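Read off the chains here:
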Amino acid sequence: MEAAARLLQARGVAFGCVTIAERHLKKGTEHLNIIRKMEFGAQWFISQAVYDPEATVALLRDYAKECEERMLAPAKIILTFAPVGRPKTLQFVRWLGIKVPDAVEARILEKANESKVAAVMESVEACTEALAQILLQTEGLGVPLGISVESVSGFKEEID
């Protein structure tokens with residue numbers, strides 16, 4: 001990573017990195033990974049898809065605290081949301097390591113019995129609820145946030 005960062009900086013290319021909040025729940029050090037990557041020149045970070053706000057809130061709180069202690073300006077964290085509408089896509093999301101609470105999965109799968117569109121809409125609702133919780137619980141931390149909505153599927157219902 002360090003060599004790639006030097007190469008990009010030499011060419012004046014801005015770059016960002018990925019951050020995985022679930023890793024923070026397991027190891028408790030993802031906020032330090034962000035700062036280490038900032039030291040290499042990363043200007044923003046994009047999260048793995050969010051379904052469970054707990055890990056993201058913990059990461060953002062620890063990151064804000066560490067930045068304050070080190071007197072660093074926090075880099076922007078772009079939160080990714082990836083609505084799904086099919087059981088196989090939900091299974092793929094879990095395989096990627098994205099934590100989907102059992103209750104959220106049950107809600108989406110219940111709607112999938114009605115239609116793929118209903119499942120996608122329920123997934124969008126779950127993502128919206130997660131974002132609202134994150135914003136509420138991290139208000140005033142001083143970490144700039146952005147939003148990305150992505151598709152992890154090639155199926156029309158899950159993209160449009």
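Here goes a summary of the coordinates provided.

Criteria and cut-off values
Residues numbered from 1 in each chain as written. Predicted model: local features only at pLDDT ≥ 70, side-chain atom pairs only at ≥ 80, totals over all residues. Heavy atoms only, no water. Salt bridge = Lys/Arg side-chain N within 4 Å of Asp/Glu carboxyl O. Buried < 20%, exposed > 50% of the residue type's maximum accessible area, 1.4 Å probe, protein only. Helix = DSSP H or I, 4+ residues; strand = E, 2+ residues; numbered from the N terminus.

1. Re the pattern of salt bridges
Here the structure, examined in full by the defined rule, presents ten salt bridges. For arginine 23, the salt bridge is made with glutamate 30, and the minimal N-O distance between the two is 2.7 Å. Taking relative accessible area as the criterion, arginine 23 reaches 28% and is therefore assigned partly exposed. Salt-bridge contacts for aspartate 52 lead to lysine 99; the nearest nitrogen and oxygen are separated by 2.9 Å. Here the residue aspartate 52 occupies a position in the loop between strand 2 (44-49) and helix 4 (53-70), and lysine 99 occupies one in the loop between helix 5 (87-95) and helix 6 (102-112), the gap between them amounting to 47 residues. Residue classification places aspartate 52 among the buried positions, given a relative accessible area of 11%. Where salt bridges share partners, they join Glu39, Glu66 and Arg70 into one cluster.

2. A short note on unusual backbone geometry
Of note, the phi angle at methionine 71 is positive, near 55°, even though the residue is not glycine. As for its placement among the helices and strands, methionine 71 is situated in the loop between helix 4 and strand 3 (76-81).

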